[in-house]
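For reference, the chains in residue letters:
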Amino acid sequence: MALVKLFGSKRKLVLTTLLICAAIFELAHCQKDAQKPRKPKLSKPKAEKSTNRGSTSVTAKPKSKVSPAAQQQTVLTQVLNRKFKKVGETISVPTGDTLELRCRGKPVQWSVPSYLEEEDEGRLRTVQHERYGALTLVNTTGADTGEYTCYPMYCEDTDCRKVYDKAITVFIFFPDPQELFVPSSDYYEVIQLRSNWPTVLPCQVTTPEAKVSLHREFPPTEVAVDGTEISFNVKKGFTIHRPRPYHAGSLYCVASLGNLRLSSTKYMLIYVNYPMAPPAPVIQASASSMVVGENLRVSCSVVGEQDVAVEFTWEYPGQEIGRPPYTQESIVPVAGGSARQQSQSVLLVDEVRDVDQGTYTCTAQNLQGVKSVSTTVKVLPKAKPKKP
């Protein structure tokens, strides 16, 4: 019995010893693992889950809509023998040859000389390709000389507009050995010489090699071109920068090249003194109250530049019964040597009646605008004579 107890006690002691040894071994193993360097764990980007079960997708940030015309710089080239040449400000194409231009952009719009816009022979053709627009002109003549412009277009859905700051313009000459000036159907062309605006005489030549001069028909003389008062540009013609009355008359241009000398269309220049601003009329009645039988005088005056015409019109109460207007108009210089004048219109009403009471309106108009002013006149009855 004692032996059994002793054996049981030894077994418990051995089991306990084994458990303690296992614990010590596990602790030592954990410490060893803790001393080893660990590799960093790389995290993968998580995909945003779609609302559809069984599929995942990454949502990209929406991009703003930008027109191709706003992204690219406009490039205009000329096609010559299947080669592309970037154009400058001017180019020359022999008459009879085919002109072919290409302008990068989708889409683009072309502007051509007005003569070609009205031409219906089918010589001009424009085509829009995937990345560029093409302009082709066949059987060219000197009349085709002028400006050719390519406008890139900015489009939003179906609404498109020209991008003017990216447009490219080239002036194309089509030299004609028989015609130095761009042909015109008019023998005389009337041009206004506006005192406040430069005037252009469009003596356009078909070749930049031509020498051009300006001439007056009566009396026959060559007009001096000093580059300041009058200047010449081979793409535009002659410009009178500050027109004056002595520039008026019949003028024409003469172009010469080698043994060829030709005259242009004649230009009839009519001087018109344009005012700087609309008129500022002032109205005044001889009296604000009139007695029946008295004479009324209403004046309307405008002070402005000399030689500027002012037109006056009136509205007055007597018009309702057909009373005829009596007006006097005059123009007098303003004292002080300021090159100004006073234009005046006076409305006269003889022996006023009750019907003449009301508002009198004067309207003054010049080439810059129109303005109206009004005044009111009251008509009083005659005083009854006192009884003796």
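Look a little higher up for the structure.
Residues numbered from 1 in each chain as written. Predicted model: local features only at pLDDT ≥ 70, side-chain atom pairs only at ≥ 80, totals over all residues. Heavy atoms only, no water.

### Notes on the sheet that holds strand β27 (residues 369-380)
Put simply, the test is: One bridge is not enough; two strands pair if DSSP finds at least two bridges between them. The helix and strand labels rest on DSSP assignments: H or I over at least four residues marks a helix, E over at least two residues marks a strand, and numbering proceeds from the N terminus. For every element, the axis is a line fit to its C-alpha atoms; helices are fit only across the contacting stretch, and the angle between N-to-C directions ranges from 0 to 180 degrees.
Within the open sheet, the four strands sit side by side as β21-β27-β26-β23. Their pairing is mixed. Of all strands in the sheet, those with a lone pairing partner are β21 (289-291) and β23 (311-315), marking the two edges. Here the strands of the sheet are splayed against their neighbours by 30° on average, with no regard to which way each runs.

### Description of the environment of E294
Condition: Note on contacts: a residue pair is in contact if any heavy atoms of the two residues lie within 4.5 Å.
With respect to the helices, strands and loops of the structure, E294 is situated in the loop between β21 and β22 (296-305). Contacts of E294, omitting those with residues within four sequence positions, involve V349, D350, E351 and V352.

### A word on the packing of aromatic side chains
Put simply, the test is: Two rings from Phe, Tyr or Trp (for Trp, the six-membered ring) form a pair when their centres sit within 6.5 Å of each other. Planes less than 30 degrees apart are called stacked, planes more than 60 degrees apart edge-to-face, and all others tilted. Buried means the residue's accessible area, taken with a 1.4 Å probe over protein chains only, is under 20% of the maximum for its type, while exposed means over 50%, and partly exposed covers the values in between.
Taken as a whole and judged by the stated rule, the model has four aromatic pairs. Where Y151 meets Y164, the ring centres are 5.5 Å apart and the plane angle is 70°; that geometry is what we call edge-to-face. Residue Y151 is found in strand β8 (residues 146-156), and its partner Y164 is found in the loop between β9 (159-162) and β10 (168-173); the two are separated by 13 residues along the sequence. Take Y151: its relative accessible area is 14%, and that puts it in the buried class. Under the relative-accessibility criterion, Y164 is labelled exposed at 60%.

### Thoughts on the environment of T207
Relative to the helices and strands, T207 resides in the loop between β12 (199-201) and β13 (211-216). Leaving out residues up to four positions away in the same chain, T207 has contacts with F173, P175, L180 and L257.

### Thoughts on the layout of surface pockets
Quick note on the threshold: A cavity, in this analysis, means grid points on a 1 Å lattice covering only the protein atoms where a 1.4 Å probe fits yet has no way out; a pocket is instead an open set bounded by protein on both sides within 12 Å along at least five of seven lines, and a residue lines either one if it has an atom within 4 Å of a point. Grid points are joined across faces, edges and corners, and a volume is the space filled by probe spheres set on the points. In this count, Pro and Cys sit with the nonpolar residues alongside Ala, Val, Leu, Ile, Met, Phe, Trp and Tyr, while Asp, Glu, Lys and Arg are called charged and the others, Gly among them, polar.
Taken as a whole, the largest pocket encloses approximately 660 Å³ of empty space. Along the walls of the largest pocket sit 27 residues, with V182, P183, S184, P202 and Q204 positioned nearest its centre. For the lining of the largest pocket, the secondary structure elements donating two or more residues are α3 (114-118) and β8. For the lining of the largest pocket, the per-class residue count stands at eleven nonpolar, ten polar and six charged.

### Describing the state of the cysteines
Rule in force here: Cysteine sulfur atoms are paired as a disulfide whenever they fall within 2.5 Å.
As enumerated under the stated definition, the model contains four disulfides in all. What pairs with C155 in a disulfide is C160, and their sulfur atoms sit 2.0 Å apart. Handedness here is read from the sign of the S-S torsion; for C155 and C160, about 110°, the answer is right-handed. C160 gets classed as partly exposed once you look at its relative accessible area, which sits at 37%. Taking only the cysteines that form disulfides and numbering them from first to last, the chain has the pattern 1-2, 3-4, 5-6, 7-8.

### What to know about the nonpolar core
The test is simple: Nonpolar cores are built from buried Ala, Val, Leu, Ile, Met, Phe, Trp, Tyr and Cys residues. Side-chain atoms within 4.5 Å join them into one set.
With 20 residues, the main nonpolar core has L296, V298, F312, W314, Y360 and C362 as its most contacted residues. Mapped by element, the contributors of at least two residues to this core are β20 (282-285), β22, β23, β25 (340-349), β26 (358-366) and β27. Looking at which element gives the most residues to this core, the answer is β22, with four residues. Those residues in contact with F312 that lie beyond four places of it in its chain are C300, V302, E329, S343, Q344, S345, C362, T363 and A364. A210, I230, L251 and C253 belong to the second-largest nonpolar core, a separate cluster that totals 19 residues.

### Focus: the side chain of S264
When you line up the elements, S264 lands in the loop between β18 (260-263) and β19 (266-272). What S264 contacts, discounting residues up to four positions off in sequence, is F181, C203, Y252 and C253.

### Focus on the environment of S264
Residue S264 is classed as buried on the basis of its relative accessible area of 14%. For the pair formed by S264 and Y188, sequence separation is 76 residues and the distance between their alpha carbons is 9.8 Å.

### A word on unusual backbone geometry
Note the cis peptide between K106 and P107, where omega equals -5°. If you trace the backbone, P107 turns up in the loop between β4 (99-104) and β5 (108-111). Backbone torsion omega between F218 and P219 reads -10°, so that peptide bond is classified as cis. Residue N139 is not a glycine yet carries a positive backbone phi of 50°.

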